[in-house]
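Tertiary structure, described
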Amino acid sequence: MNRNRQAYRAFLLRRLLEKTSHIIAGSLIQGCAMGVFLFPHSIPSGSGAGLAMLLNHWFHLPLSIGLWLVNISFLLFAVHYLGRVSAFGTIMVITATSVSVNFFEVYVKTPFGNLWIDLLVGSVILGTGISILFRERVTNGGIGFVALAIAKSRRINPGTSLFIINVLIFALTAIVIDWKIIIQALLCQWISTRIIKWLHRPSLLGRLAFHLAWRKK
């Protein structure tokens, strides 16, 4: 009996370490996309990033701090839709992403320097990071849960409410900073969403699992 308990505890510890490492990896990857490729061109990766850019524009608040404040604020408003584990995971994502954005903005520069190449590369990397987070059943920010709350109260699709929130914030950011931002932001959303869907295809996961199993042999 004791051996079974010890084995079970060891399994839970391994799973916790694995989940934590995946969450941190996904956060660092999306932080790299924002800090190196998207934010230097004022391209918001999402509505939270759009609000962070507005705070930076109005109050000169660093983007990393603004991103953390915005996401934590929205998360607190919608925390009753989360379990404790998901809430803790989301807080970890928000914090790790904000720290990594600050690091990458300061110490790493894009090797391209072209807006459209950076937009493409940044969107692909962003989608990869978010996909890793989704696999661990955590979100990359608090605004998604506000969209869920609106969807439940208005009885509409959560994707619709999230799209409306994003478009409104992108439009406000474009009006205040530069009208081109809304086009770039929507393009970033489209590319990153394609990457997430592609990485979550069952056929792709099956091929990866088969390849790993074959390698182990």
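Calculation rules
- Residues numbered from 1 in each chain as written.
- Predicted model: local features only at pLDDT ≥ 70, side-chain atom pairs only at ≥ 80, totals over all residues.
- Heavy atoms only, no water.
- Core = buried A, V, L, I, M, F, W, Y, C linked by side-chain atoms within 4.5 Å.
- Buried < 20%, exposed > 50% of the residue type's maximum accessible area, 1.4 Å probe, protein only.
- Helix = DSSP H or I, 4+ residues; strand = E, 2+ residues; numbered from the N terminus.
- Contact = heavy atoms within 4.5 Å.
- UniProt positions renumbered as here; feature names shortened; annotations may be inferred.
- Salt bridge = Lys/Arg side-chain N within 4 Å of Asp/Glu carboxyl O.

Before going further, it helps to examine the nonpolar core. In this structure, M34, L38, F39, L67, L126 and C188 are the most contacted members of the largest nonpolar core, which totals 16 residues. For this core, the elements supplying multiple residues, two or more each, are α1 (2-38), α2 (47-59), α3 (63-77), α5 (115-135) and α8 (180-199). Apart from residues no more than four positions distant in its own chain, F39 is found in contact with M34, S45, A49, M53, L63, V101 and E105. Among the nonpolar cores identified, the runner-up in size contains seven residues, and L51, I143, I165 and I169 belong to it.

On to the UniProt feature "transmembrane region" (unreviewed entry) in the protein chain, then. UniProt's entry tags residues 21-39, 59-78, 85-104, 116-134 and 162-187 with the feature "transmembrane region" (unreviewed entry), counted in the numbering of this structure. Regarding residues 116-134, the helix share stands at 100% and the strand share at 0%, and the terminal C-alpha atoms are separated by 27 Å.

Taken as a whole and assessed by the stated rule, the structure comprises three salt bridges. With its nearest N and O atoms 4.0 Å apart, the salt bridge here joins E18 to R15. In this pair, E18 and R15 both sit in helix α1, three residues apart, roughly one turn of the helix. On the accessibility criterion, E18 (38% relative accessible area) is partly exposed. The closest approach of N and O atoms between K19 and E136, which form a salt bridge, is 3.6 Å. With K19 in helix α1 and E136 in the loop between α5 and α6 (143-154), this pair connects stretches of sequence that are 117 residues apart.

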